[in-house]
Structures are given as C-alpha cells and as structure tokens.
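A closer look at the structure
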Amino acid sequence: RLRKWQERIRTKDAGERNLQFALSEIDRMASALGVPRSVREVASVIYRRALNEDLIRGRSIEGVATACLYAACRQEGIPRSLEEVSDVSRVEQKEIGRTYRYVAQELELKMEPVDPKQYVPRFASELDLSEEVQSKANEIIDTTAEQGLLSGKSPTGYAAAAIYAASLLCNEKKTQREVADVAQVTEVTIRNRYQEQIEAMGIH
Amino acid sequence: MVDPKETINIENVVASTGIGQELDLQSVAMDLEGADYDPEQFPGLVYRTQDPKSAALIFRSGKIVCTGAKSTDDVHQSLRIVFDKLRDLNIQVDDDPEIVVQNIVTSADLGRNLNLNAIAIGLGLENIEYEPEQFPGLVYRLDEPDVVALLFGSGKLVITGGKKPEDAEEAVDKIVSRLEELGLLD
DNA sequence: GCTTTAAAAAGTAAGCT
DNA sequence: AGCTTACTTTTGAAAGC
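What comes next is a walk through the structure. What you see is a predicted model; the values in this text were computed from it and never measured. Starting afresh in each chain, residues are numbered from 1 along the sequence in its written order. For this description, chains carry letters from A and ligands carry numbers from 1, given in the order in which they are written. Residue-level local features of this predicted model are given only where pLDDT is at least 70; pairs of side-chain atoms are given and counted only at 80 or more, and the full residue set underlies all totals for whole chains, interfaces and linings. Side-chain measures here rest on the full set of heavy atoms in the structure, leaving out hydrogens and waters.

1. Some words on the interface of chain B and chain A
For the record, the criterion: Between two residues, a contact is recorded if the distance between any of their heavy atoms is within 4.5 Å. What counts as buried area is the accessible surface, traced by a 1.4 Å probe, that two parts surrender upon association, with contributions from both included. Each reported salt bridge corresponds to a side-chain nitrogen of Lys or Arg within 4 Å of a carboxyl oxygen of Asp or Glu.
Taken together, the contact between chain B and chain A spans 16 residues of the former and 20 residues of the latter. When chain B packs against chain A, close to 1,600 Å² is buried across both sides, 49% of that on carbon and sulfur atoms. When the area that chain B buries against chain A is broken down by residue, the three leading residues are Leu-125, Glu-133 and Gln-134 of chain B, summing to 38%. The interface formed by chain B and chain A holds 2 salt bridges in total.

Structure representation (structure tokens):
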C-alpha cells in the first residue's frame, strides 16, 4: 500500500531528523563546553546505543543527548559538572542527572565515580595558578581521599577546597569566592571541605 | 563490636487498608477537624493523627493509606483512630479492615566508616548507583530480600522497600557479609 | 509520568542575623 | 560565621490526569 509506504518513509525521515537534531545538539553543547572532538564522538556513540536500545522512549531527545555528553566527558577523563552541562542545555539539571543514571545503568556503562583530581587542571588554569599549586592540590586530594574523606562528597567541592588550600600553601592565594566561582560551589562548601582536608593533612 | 542488627530502627511504616464503603470526601472534609482536602491537587483527603503520629490518605473509594508511623503497632493504633473518627461521622466502617504493610523504612549503623568509592567498585558498578555529585548515599539494590539500601560514608544506612521488620535484618546481615568478604569492612 | 504523605541518611545551598 | 529551612536519594499504596 502506498499509504503504508509513505508512512514508513515519514517515520524514517522523522527518525533521521531526530538523530540529526540530537547529534547537532551534542555538537553545539560540546562546543559551548569547550571539550575536544573526541568527546563529541564518544557522546554520539553513546547516544546511538541509547537509541538502538530504545532508551529514548518516554524522555526528551535533548535530555538524553545532554546525559550522553555528560557521560562522555566523564569517560574521557575531562568531566563537566551537571551544573556546567545544564548551563549549555535547555534541560534542567535534575532531569539530566536522572537521565544519565538511567542511560548509564541500561547501557552498563560502568561509570566510575569522578576523581576530583580531574577538575584540578581546568579550575587551576582558570584561576591562573601554577603547576606547583596543581601538584599540591592533587597531593591533598590523594592523601585525604585515602583517609576516607571523599566518601559522599561532591567532586567539584572537594577539588575546589584542595585548590584553595594548595593556593595558600604555595603563596599564590586565591579567595574562597574566586575558587567557588570557577567550581560553581558555595564558599561554605569550600570552607567545610578545606577544614577537613587541612586537618587530615596535619596542617602543613 | 556491636551487632549492626541491634542498631536497626524502624523510621516509617506505610500500610494500606479500606473501610469497605465509598465516601463523600467533600462532606468528610467539612466535618472532620484538621482534614486537608484539595481534589484539584490530589484525590485523597489528608488526615493526621497526633498519637501515634501519622498521616492517613483517605480516598473516595474508601481505601486508606497510612504513613509516618514508627511501628506496625502504631499503624494499627493510628488507623483505629481514623476508623473511629469516621464512625463518629456516622460512616459505616467494617469491623476489622485488613491492614497490609506495604513498606518499612529502617535506619541502622555499621559502626565503621565506609569507603564508598571502593564499595562501588567492589560490589560491581553494574549493581550499584553512586553519584556523590547528586546524592551522598550509595544505592545498593538487593534481590533477597527485595529491598534497597542507601549506604553512607559514616557507616549509617537506610533500608527501604521491605514488607516486614525481618527484611531489614536479613539485608543488614547480607550487606555486612558481602562487605566483609570483600575486605571493605574493618 | 505527575500529583500527596512520612521517614532516615549526609551533602549542598540559600536566606537571615 | 552560624542557624534555619529546604532540597537531593530510596520505597510503597491510594485515584486521577
């Protein structure tokens, strides 16, 4: 039947249009976030897998596309926080987080928790901090995390506190406000994490 | 070393029942002191008991949900109060409506801090959900008993989804032994 | 899927003094 | 810098959109 054939074409076109839209959105958001092309490719692969596994049914294309990009950044070791990702998406943060957890679970992405150290180079360079400060921040993160301080804490806040502490120790002081702004956390969070970390380090 | 099972505390019990009679919620809302009824927002009427403390959701069908009680005994006591209040309004209420416990929320303490990162990897990333950016607890779903546990860095945990108090005890036992065999406790 | 109810855990956040 | 309040997660039922 002609009608059935037309319908099939229409569906196929719609599907391809949707895929095209998703991929262009991933591209747009990835550019806005300033992540390398490899991340967009990983995100596209995850999105196609989600599409094949029919994970998009019941949720928005943009939500899934954003969640895939968030996952891809993490897989590539250059994480963007949910807040940063939601800043370039029209999907709200809570929905991106839920969709990400759903996609990660269904596709068995086996995502490891974000290592706060992965935020150090980006945050530190936005603050014009030296290599020395970065090394110190990494040392603080590793040492305190080994002592169990990391459990349950947000990776951005943890990294921010370590950078703040390292900037003090290396005489390149940044204010809590400056660090809080680049990490998109509150000064209160930096203060709390900072106190614990300094104490665990034995107040160097 | 205290047995974690002895730290188990029931925090909330959810149960359902019914009076076996349809209700005119509009008039119940008028006559029942302290009743909250806004059908535009939610089809159930909310009635709170003080002692034991709980909230009952009363529906047009006569079915009732009771939540907030700290024990199955409290659920029965609360619902007895609700049934009597309805009888005071000249509403027919079955003699002994069946009360079914639907969910028990429990808290407990393993007594040691937990490295959630190691646990997430040790128990298998495919069985666990641990996203500290979104929530500080690690979500662990058990098959037997069929409950969900939320583990925290402090060693405290929440167990929910169980239908009887023993479910929480079994869950704590299994969690402790799994963590022990992985060397993630002590 | 949403709406409402209650409850714990711990982290983060916002508003006010 | 506190303190208070509130929101994040999980679970379950109810009736209706």
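2. Let's talk about the protein's contact with DNA strand C
The cut-off we apply is this: Here a residue is near a molecule or strand as soon as one of its heavy atoms is found within 4 Å of it. Counting of polar contacts relies on pairs of N or O atoms within 3.5 Å, with two restrictions inside protein: one atom must be capable of donating a hydrogen and the other of accepting it, and residues adjacent in sequence are counted only when both atoms are side-chain atoms. Helix numbering and strand numbering both begin at the N terminus, where a helix is a DSSP run of H or I of at least 4 residues and a strand a DSSP run of E of at least 2. Here the nonpolar group is Ala, Val, Leu, Ile, Met, Phe, Trp, Tyr, Cys and Pro; Asp, Glu, Lys and Arg are the charged ones; every other residue, Gly included, is treated as polar.
As a matter of local geometry, DNA strand C sits amid 28 residues, with Arg-98, Thr-189 and Arg-193 of chain A together with Lys-53 and Ser-154 of chain B nearest to it. Here the atoms of DNA strand C within 4 Å of the protein split so that 72% fall in sugar or phosphate, with bases taking the remainder. Between Ser-154 of chain A and DNA strand C, the recorded distance is 2.9 Å, taken from a backbone N or O atom to a phosphate oxygen. The side chain of Arg-48 of chain B places a nitrogen or oxygen atom 3.2 Å from a phosphate oxygen of DNA strand C. Secondary structure elements with two or more residues in the surface near DNA strand C: helix H10 (187-201) of chain A together with strand E1 (9-18), strand E4 (54-58), strand E5 (63-69) and strand E10 (156-162) of chain B. Residue composition of the surface near DNA strand C, grouped by class: 10 nonpolar, 10 polar and 8 charged.

3. Brief notes about the pairing of strand E9 (residues 148-151) of chain B
Residue and element names in this part refer to chain B. Heads up, the condition is: A strand pair is defined by DSSP finding two or more bridges across the two strands.
In terms of strand pairing, strand E8 (residues 138-141) meets E9 through 4 bridges, oriented antiparallel. Residue pairing in the sheet places Val-139 in a bridge with Leu-150 of E9. Linking two consecutive strands that pair antiparallel, namely E8 and E9, is a turn of 6 residues. Between the antiparallel neighbours E9 and E10 lie 4 residues, among them Gly-155 with a positive phi of about 95°.

4. Brief notes about the environment of Ala-15 of chain B
Residue and element names in this part refer to chain B. Put simply, the test is: Think of it in three bands: with a 1.4 Å probe and only protein chains considered, a residue is buried below 20% of the maximum accessible area for its type, exposed above 50%, and partly exposed in between.
Locating Ala-15 in the fold gives a position in strand E1. The class for Ala-15 is buried, based on a relative accessible area of 1%. For the pair Ala-15 and Val-75, spaced 60 residues apart in sequence, the C-alpha to C-alpha distance is 7.3 Å. Those residues within four positions of Ala-15 in sequence are excluded, and the remaining contacts are Ile-64, Val-65, Cys-66, Val-75, Ile-99, Val-100, Val-101 and Gln-102.

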